[in-house]
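# Coordinate analysis (summary)
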Amino acid sequence: MNTQANSNDPKAPSITSRSKGPRTKRGMRSYTALVFAAREVFERDGYIDARISDISKAAGMASGSFYTYFESKEEVLAAVVNAVQEDMLHPHLGTSGQKVNARESIEKANREYLLAYQHNARLMSVFEQVAQVDENFRELRRKRGEAFGKRNARFIRRLQEQGDADPNMDPLIAAYALSAMVGRMAYQVFVIGESIAFEELLLILNRLWINALQINPDANLTAVDSQETGTEFSAVG
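Residues numbered from 1 in each chain as written. Predicted model: local features only at pLDDT ≥ 70, side-chain atom pairs only at ≥ 80, totals over all residues. Heavy atoms only, no water.

### Some points on the overall build of the protein
A count of helices and strands for the protein gives ten helices and two strands. Taken from the N to the C terminus, the helices and strands of the protein come in the order α-α-α-α-β-α-α-α-α-α-β-α. For the protein, restricting intrachain contacts to residue pairs at least 6 apart in sequence, the fraction spanning at least 24 positions comes to 80%. Here the protein has roughly 11600 Å² of accessible surface; of this, 49% comes from carbon and sulfur atoms. (Helix = DSSP H or I, 4+ residues; strand = E, 2+ residues; numbered from the N terminus. Contact = heavy atoms within 4.5 Å. Areas by Shrake-Rupley, 256 points an atom, 1.4 Å probe, with all protein chains shown as cover.)

Structure, rendered in structure tokens:
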């Protein structure tokens, strides 16, 4: 399950870049073109084989122009990650104070997460590759996963406190396990290419979430509570 944090949520650590950044409208256009070009090259060639010269060429710039905005391939990757994060975080599930059904919240959040993962599948494959070779990137993914896991744990804990979920399940461990399940299945289907229909995948993941936690059919939370849920886009970390 993956929903956008509200203003009271602890911030998940972001993958930031030390890039110089644009200072003019023309600079912003050039910066944006490099980020889009980097995504294209990373998706086509993978992170390891991607070259700065190819990124510059795809952006329609001389190679030297790259260094006006970024110091390295690692920095432009960070900018790509930051750009894609908005696509992996989703709108609130209800107006603050509004009652929402917990099961319906899970279904909606999982659907939007899977759609976003499907849209970004090639890039998610790149992130998996980078995590295997870059310790800093791997640690940032771990920290983001921890932050989102704690958000999901709050969702589970409040259901337990209301008597609407299994009280004998550690909420944080359950959150990690269920989030990892959704993220890994998304990778298996949309990156590896396992032949599972989207709606069938969604149905099974929702049932596993609900059955594992033994969530009551009529369990409700206020919208501010449901907004606290979320998984990493399994993510990027």
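Next comes the rest of the write-up.
### Notes on the confidence of the model for the protein
Confidence in the prediction of the protein, expressed as mean pLDDT, is 81, and 79% of residues score 70 or more. For the protein, per-element mean pLDDT is lowest for helix α10 (residues 223-226), which scores 48, and highest for helix α9 (residues 198-213), which scores 96. Ignoring residues within four places in sequence, the model shows residues 2-17, a span with pLDDT below 50, making 60 contacts including any to other chains. Taken as a whole, residues 224-237 scores under 50 in pLDDT and shows 69 contacts with residues more than four places along the chain or in a different chain. (pLDDT = per-residue confidence, 0-100.)

### Description of the packing of helix α7 (residues 135-161) against helix α8 (residues 171-192)
Packing of α7 against α8 brings their axes to within 8 Å, and their N-to-C directions diverge by 120°. Here α7 lies oblique to α8, going by the angle between them. Crossing angle aside, the handedness with which α7 passes α8 is right-handed. For the pair α7 and α8, the contacting residues are Gly145, Glu146, Gly149, Lys150, Asn152, Ala153, Ile156, Arg157 and Gln160 in the first and Pro171, Leu172, Ala174, Ala175, Tyr176 and Ser179 in the second. Partitioned by chemical class, the residues of the contact of α7 with α8 number seven nonpolar, five polar and three charged. (Axes fitted to C-alpha atoms, helices over the stretch in contact; angles between N-to-C directions. Parallel < 35°, antiparallel > 145°, perpendicular 65-115°, else oblique. Left-handed = near helix turned anticlockwise from the far one by under 90°. Nonpolar A, V, L, I, M, F, W, Y, C, P; charged D, E, K, R; others polar.)

### A word on unusual backbone geometry
It is generally the case that most residues other than glycine have a negative phi and that most peptide bonds are trans. Positive phi outside glycine occurs at Gln214, with the angle close to 55°. Mapped onto the fold, Gln214 is located in the loop between α9 and β2 (220-222).

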